[in-house]
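One-letter residues, chain by chain:
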Amino acid sequence: EFKCANALQETGWKVNSYVLKVMLQAHKESRTFGSIPDPNEIPLPVSPVPRSVKKADMSDELKLKFKNWKIKATQVYHENIRKKSQILQFLRTINMAKKFEKYDQIYFPYQADFRGRKYTVSSFLTPQGTEYAKALLTFSKGLPIENQEQKDWLAIHGANCAGIDKVSFTERIQWVLDNEEHILKSAELGLDYDWWTKFDDAWLFFAFCSEWSVLQRKGFGMVSHLPIALDGSNNGLQHYSAMLRCEVGGKATNLTNEDTPQDIYQEVANVVLREVNKFANAGCPIAIVWKDSNLINRKLTKRPVMVVPYGGTRFSCLNYVEEYVDDQIRSGVDLDFPDHKKGEYINFLTNLVWAAISEVVISARECMNWIRDVAKRLSKAGKPLMWATPTGLYVYQHYKAFKWRQIDTTIDGKLLRPVLLEEDGLKIDPQRSINGSAPNFVHSLDASCLTLTLHKCINENIDAFAMIHDSYGTH
């Protein structure tokens, strides 16, 4: 574990000056794309009721309109608060990049949590930051691209950044070759050629365009500094499928040898669509709306499926479905249901997503339930949960039970609410122990996988690492 952490924090980085220059220009011109947040607040909807009108004087129809307005206004209010936080994060990130741009090498200290997961200590501008933060960083040490295989891996990375990652490696390379004119123009003209700005990971893709342009100009021997990453396919489910030798889950998470990548999120979406069509054909009005919406796709199911191995619940599934639908509505999608019935429509879709996950992800659920049962029995006996990881790290899960009591009292006419500790954490909190057991177990496994992989890399004299839990990057 120490050797792994040291190798990560011995990796030298530097700010990608060209990406920073274009990003600063985009910020100056208030152009937002990729993961950069839009600084403009969403305007609050206009109330259908004048301030002078009291609720008691409203008709039933006006009360309903007012209720719908309050729902919309609340959503906009919370979204604007979230955007402010994202804008502050972006400003701090680019300011840090400007500050450290002058250095040839910068380093990030790493720490491990009790499960062995490795995190950078610093925030904002880090190799584990947002999409635009990662695009601002590149390895300080460069290595030459000397042959076709190395060039192909750079092309594969570029296609991945553009979202062309559901086809074979050969097709990804071909996509880069087919779009080479656009790629070279993007690198040369930056914001004056906005083809590259249309992709979800636009800034990472732009960093690739710049690197590809230099390679095409200089040819083999060109020294590349760009981290090339390979990601897991729903890493938690990969671990469960591997442990249980589950052929269905193993294939869905790309543990079997297939020509093209499998997409478990799309598989779940297909099951949801099948059920929606079934209900719609039976005349269900809610199902008809979802069938006609064209919103049932992998984007809908990705987050609910992704968190299943980490303790995702139906409640979290509901939140993710609602967030996805809200995002689509904000982007201009018009859904044919009244605002006051939105909860009913979201709940219907959530039930189908949750059931579809259970149909596709079978073995993992069984294993998670077994782990939760072990945690429940140990908690009942007053014992913590412990296990050894494949790296030899002992994970000690001991969630202590604290009980607080709030007291309302008045001093000098002011209401005070002090909080007193009633139980001091000598007992185990059974609910937290049960809920945390399966997520912590699988987190410890992906941490072990990273650690063991990195040790093999060190033995091969690799010394530059861009690692984010289930995403492994090097030259």
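Residues numbered from 1 in each chain as written. Predicted model: local features only at pLDDT ≥ 70, side-chain atom pairs only at ≥ 80, totals over all residues. Heavy atoms only, no water.

Draft legend 1. Summary view of the layout of surface pockets. Approximately 630 Å³ is the volume found for the second largest pocket. Around the second largest pocket, the lining comprises 25 residues; the ones closest to its centre are Trp153, Ile228, Ile462, Thr474 and His475. Contributing elements (two or more residues each) for the lining of the second largest pocket: strand S5 (143–144), helix H5 (148–161), strand S7 (228–231), helix H17 (430–459) and strand S15 (471–474). If you tally residues by element for the lining of the second largest pocket, the top one is H5, at four residues. Looking at the lining of the second largest pocket residue by residue, the classes come out as 14 nonpolar, seven polar and four charged. (1 Å grid on protein atoms, 1.4 Å probe; cavity = no way out; pocket = protein on both sides within 12 Å on 5 of 7 lines; lining within 4 Å. Points joined across faces, edges and corners; volume = space filled by probe spheres on them. Helix = DSSP H or I, 4+ residues; strand = E, 2+ residues; numbered from the N terminus. Nonpolar A, V, L, I, M, F, W, Y, C, P; charged D, E, K, R; others polar.)

Draft legend 2. Region of interest: a positive patch on the surface. A surface patch of like charges, here positive, comprises Lys55, Lys63, Lys67 and Lys70. For lysine 55, the location among the structural elements is in the loop between helix H2 (17–28) and helix H3 (60–100). Given a relative accessible area of 57%, lysine 55 falls into the exposed group. (Patch = residues over 30% accessible without salt bridge, like charges linked within 9 Å, V, L, I, M, F, W, Y side chains within 5 Å. Areas by Shrake-Rupley, 256 points an atom, 1.4 Å probe, with all protein chains shown as cover. Salt bridge = Lys/Arg side-chain N within 4 Å of Asp/Glu carboxyl O. Lys, Arg positive; Asp, Glu negative; His and termini not counted. Charge placed at Lys NZ, Arg CZ, Asp CG, Glu CD. Buried < 20%, exposed > 50% of the residue type's maximum accessible area, 1.4 Å probe, protein only.)

Draft legend 3. Looking closely at the sheet that holds S15. The three strands lie next to each other as S7-S15-S14, forming an open sheet whose pairing is antiparallel. Only two strands of the sheet have a single partner each, and these edge strands are S7 and strand S14 (466–468). Strand-to-strand twist of the sheet, defined as the mean angle between neighbouring strand axes without regard to direction, takes the value 15°. Pairing of S14 with S15, which is carried by three bridges, proceeds in the antiparallel orientation. Within S15, the position partnered with isoleucine 468 by the bridge is serine 471. (Pairing = 2+ DSSP bridges. Axes fitted to C-alpha atoms, helices over the stretch in contact; angles between N-to-C directions.)

Draft legend 4. Broad picture of the confidence of the model for the chain. Looking at the chain as a whole, its pLDDT mean stands at 90, while 99% of the residues score no less than 70. Ranking the elements of the chain by mean pLDDT puts strand S13 (residues 419–428) last, at 73, and strand S1 (residues 13–15) first, at 98. (pLDDT = per-residue confidence, 0-100.)

Draft legend 5. Representation of the packing of helix H12 (residues 285–293) against helix H15 (residues 342–360). Where H12 contacts H15, the two axes come as close as 10 Å, and the packing angle between them is 75°. Taken as axis vectors, H12 and H15 run roughly perpendicular relative to one another. Of the residues in H15, those touching H12 at Ile286, Ala287, Val289 and Trp290 are Glu344, Tyr345, Ile346, Phe348 and Leu349. Residues that form the contact of H12 with H15 fall into these classes: eight nonpolar, no polar and one charged. (Parallel < 35°, antiparallel > 145°, perpendicular 65-115°, else oblique. Contact = heavy atoms within 4.5 Å.)

Draft legend 6. Spatial organisation of the pairing of S15. Side-chain alternation along S15 places Ser471 and Gly473 on a buried face and Tyr472 and Thr474 on a face that remains uncovered. Judged from the four bridges that link them, S7 and S15 form a sheet pairing that is antiparallel. Across the sheet, residue isoleucine 228 finds its bridge partner in S15, namely threonine 474. In sequence, S14 turns back onto S15 through a hairpin of two residues, with histidine 469 there showing a positive phi of about 65°.

Draft legend 7. Examining a nonpolar patch on the surface more closely. Taken together, the side chains of Phe402, Trp404, Val419 and Leu421 define a hydrophobic patch exposed on the protein surface, amounting to about 420 Å² of accessible area. Elements with a contribution of two residues or more to the nonpolar patch: strand S10 (400–406) and S13. The residue phenylalanine 402 is located in strand S10 in this model.

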